[in-house]
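Okay, here's what each chain looks like letter by letter:
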Amino acid sequence: MGRRDFASGKADSGGVGVAANEMIIMEYSRSEVIATLQRAGYSEEAEEALHELPDPVDQDRLAAWGQEHGITRDGLISRMGGSP
């Protein structure tokens, strides 16, 4: 089962899916989230994620955390060299 990129909701490799009431709840390891933030140039936010996010973190919580820190899907994609 693939995971979804926390900013875009698009599937990629790895991750953990947990079925709950016929829904799949996607979870990510905190270390993977931190590595992605660092690669995208969000160093300060990566440090905050280390202290603020649970491990693992579900997609909804991660999306809310990103929004609180001004990290958008388009911004993350742009910083990683892609186009939205």
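Just above sits the structure.
Nothing here was measured: the structure is a model prediction, and the numbers come from that model. The written sequence of each chain sets the order in which its residues are numbered from 1. Per-residue local features of the predicted model are confined to residues with pLDDT of at least 70, and side-chain atom pairs are confined, for both listing and counting, to 80 or more; whole-chain, interface and lining totals are unaffected and use all residues. Note: side-chain values were computed over all heavy atoms of the structure, leaving out hydrogens and water.

Caption draft 1: Spotlight on the packing of aromatic side chains. Between 30 and 60 degrees the pair is tilted, below 30 it is stacked and above 60 it is edge-to-face, where a pair is any two Phe, Tyr or Trp rings, Trp via its six-membered ring, whose centres lie within 6.5 Å. The full count for this structure, using the stated rule, is 0 aromatic pairs. Charge-over-ring placement is defined geometrically: NZ (Lys) or CZ (Arg) within 6 Å of the ring centre, and within 35 degrees of the ring normal. Across the ring face of Tyr42, the terminal group of Arg79 is positioned such that the distance to the ring centre comes to 4.0 Å.

Caption draft 2: Examining the side chain of Thr36 more closely. Secondary structure is summarised from DSSP: a helix means a run of H or I of at least four residues, a strand means a run of E of at least two, and numbering begins at the N terminus for each. Position of Thr36 relative to the elements: it lies in helix H1 (residues 30–39). Definition of a polar contact: a pair of N or O atoms within 3.5 Å, with one able to donate and the other able to accept a hydrogen when the atoms are protein atoms, and with sequence-neighbouring residues admitted only if both atoms are side-chain atoms. A distance of 3.1 Å separates a polar atom in the side chain of Thr36 from a polar atom in the side chain of Arg39.

Caption draft 3: Examining H1 more closely. Restricting attention to buried positions, one finds in H1 the residues Val33, Ile34, Thr36 and Leu37. Looking straight down H1, one finds its buried side chains confined to an arc of 160°; they lie on one side. Turned more than 90 degrees from where H1 packs its buried face, Ser31 and Arg39 sit exposed. The contact criterion used throughout is that any non-hydrogen atoms of two residues lie within 4.5 Å. Buried residues in H1 make contact with strand E4 (23–28), helix H2 (43–52), strand E5 (57–58) and helix H3 (59–68). Residue Gly41 follows H1 closely and has a positive phi angle near 85°. Burial classes: relative accessible area under 20% of the type maximum marks a residue as buried, over 50% as exposed, and values in between as partly exposed (1.4 Å probe, protein chains only). Comment: arc refers to directions from the helix axis out to C-beta atoms.

By themselves, these figures tell us nothing about what the structure is for.
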